[in-house]
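Here are the chains, one letter per residue:
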Amino acid sequence: MEQRSIAFIGAGNMARSIIAGLIASGYDAKKITATAPSETRLAPLQHDFGINTDSDNLRAAQQADVVVLAVKPQLMADVCLPLQAVDFSNKLVISIAAGINSARLATMLDSQLHLVRVMPNTPALIGKGMSGLYADSTLAPQDHQFASDLLQAVGEICWVKQEADINGIIAAAGSAPAYFFLFMEAIQQQAMAQGFDEQTARLLVQQTALGAAAMVQANPETDLATLRQQVTSKGGTTAEAINTFNHHHLTEIVAKAMQAAVARAQEMEQLF
Ligand SMILES: NC(=O)C1=CN([C@@H]2O[C@H](COP(=O)(O)OP(=O)(O)OC[C@H]3O[C@@H](n4cnc5c(N)ncnc54)[C@H](OP(=O)(O)O)[C@@H]3O)[C@@H](O)[C@H]2O)C=CC1
Ligand SMILES: O=C(O)[C@@H]1CCC=N1
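The following refers to the structure shown. Keep in mind that what you see is a predicted model, and the values were worked out from it rather than measured. Here, residues in each chain are numbered from 1, in the same order as that chain's written sequence. Key to labels: chains lettered from A, ligands numbered from 1, both in the order written. Residues qualify for local features only when their pLDDT is at least 70, as the model is predicted, and side-chain atom pairs are given and counted only at 80 or more; totals for whole chains, interfaces and linings, by contrast, use all residues. By convention in this description, side-chain values take in all heavy atoms of the structure and omit both hydrogens and water.

Digging into the sheet that holds strand β2 (residues 32–35)
Right, so step 1: Note on pairing: DSSP must find at least two bridges between two strands before they are called paired. Helix and strand assignments follow DSSP, with helices taken as H or I runs no shorter than four residues and strands as E runs no shorter than two, numbered in order from the N terminus. If you walk across this open sheet you meet the eight strands as β3-β2-β1-β4-β5-β6-β7-β8, and the pairing is mixed. Strand pairing shows two members of the sheet lacking a second neighbour, β3 (52–54) and β8 (155–159), which therefore form its edges. Averaged over all neighbouring strand pairs, the angle between strand axes comes to 25 degrees, with direction disregarded.
Right, so step 2: Residue contacts are counted whenever heavy atoms from the two residues lie within 4.5 Å of one another. Axes, fitted as lines to C-alpha atoms, cover a helix only where it is in contact. Angles between the N-to-C directions of the axes lie from 0 to 180 degrees. Packed on one face of the sheet, helix α1 (residues 13–24) meets β1 (6–9) and β2 and runs near 155 degrees to β1.

Re the environment of Lys30
Right, so step 1: Mapping Lys30 onto the fold places it in the loop between α1 and β2.
Right, so step 2: Partly exposed describes any residue whose relative accessible area lies between the buried limit of under 20% and the exposed limit of over 50%, with all areas from a 1.4 Å probe on protein chains only and scaled to the type maximum. Classification of Lys30 as exposed rests on a relative accessible area of 59%.
Right, so step 3: Measuring from C-alpha to C-alpha, the distance between Lys30 and Leu92 comes to 18 Å, with 62 residues separating the pair along the chain.
Right, so step 4: Look past the residues within four positions of Lys30 in its chain and what remains in contact with it is Gly50 and Asn52.

Observations concerning the pattern of salt bridges
Right, so step 1: Here, a salt bridge means any side-chain nitrogen of Lys or Arg that lies within 4 Å of a carboxyl oxygen of Asp or Glu. Under the defined criterion, the tally for this structure stands at six salt bridges.
Right, so step 2: When the shortest N-O distance is used, the salt bridge between Arg4 and Glu2 registers 3.2 Å.
Right, so step 3: Judged by its relative accessible area of 44%, Glu2 falls in the partly exposed class.
Right, so step 4: The salt bridge involving Glu267 is made with Arg264; its shortest N-O contact spans 2.7 Å. Of the two residues, Glu267 and Arg264 are both situated in helix α12 (residues 250–271); the distance of three residues between them amounts to about one turn of the helix.
Right, so step 5: For Glu267, a relative accessible area of 42% translates into the label partly exposed.
Right, so step 6: Classification of Arg264 by relative accessible area gives partly exposed; the value is 36%.
Right, so step 7: Sharing partners across several salt bridges, the network here consists of Glu2, Arg4 and Asp143.

Right, here's the structure in full:
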């Protein structure tokens, strides 16, 4: 992919995940700078990946071709204010923040932007990310391509046609690793309650989750319900477990949780 200079403004969990994935995919570490107010986050990034770090957001943004906004939504307005001094006319801006829309970002940076909104997730850290991307029709094809390449370096991507769909990506992918972790935590806890030590319980859940996800990926023509049915022997143990999930309305619980994630993103659009 094209090796543009990239400044990550914010060096937390998500920036680290993308940077790790980029370096693993062969991106030139010297072309990447990450910023944060303290060395706590920066030093490990420099040590682990050999990238540049800087505590000066303005300097990093001014020197970059691509500015990735990777701070918490609550801080975005404060972080953007000094960046209004940057000439963004030849820069691509990528925002990974949940709940801050394009119009708001343009106001925060007081510029017309070449902007892509991206909703990634933390498995980008190991090259298994899932990112949704949105840009309006004014984005240049080469910027569109760069954003695609950048996120494809750390996983799968899908472009959405309407900006509001980014909130759906948050619910289905951005936040969703946490749902799977929660489910795995619950299985691990119950396996421990049934007598397994912590390590064995973790092995049982992680290998099963990995196997199930790999089966989904290996069988793209088989729908998820069929894969479930193949485990569920009539009158057997799985049927009892699934009946219990259904009795307690697992599908409705998941729907409500995803709707809550979207509602929070919409609320954040008003707050920040
Ligand atoms: N975590 C996730 O799974 C996902 C997160 N996102 C989005 O990514 C963004 C970042 O989230 P996440 O990485 O989890 O958050 P973190 O809190 O882990 O990281 C935020 C980073 O911003 C830094 N920071 C704070 N103040 C400033 C400042 N003034 N200038 C520059 N950097 C600053 C923090 O530094 P310090 O630690 O030193 O304060 C930290 O490095 C959010 O907008 C979130 O919505 C999107 C998809 C998934
Ligand atoms: O929880 C959050 O707000 C961010 C966005 C998606 C994942 N983490």
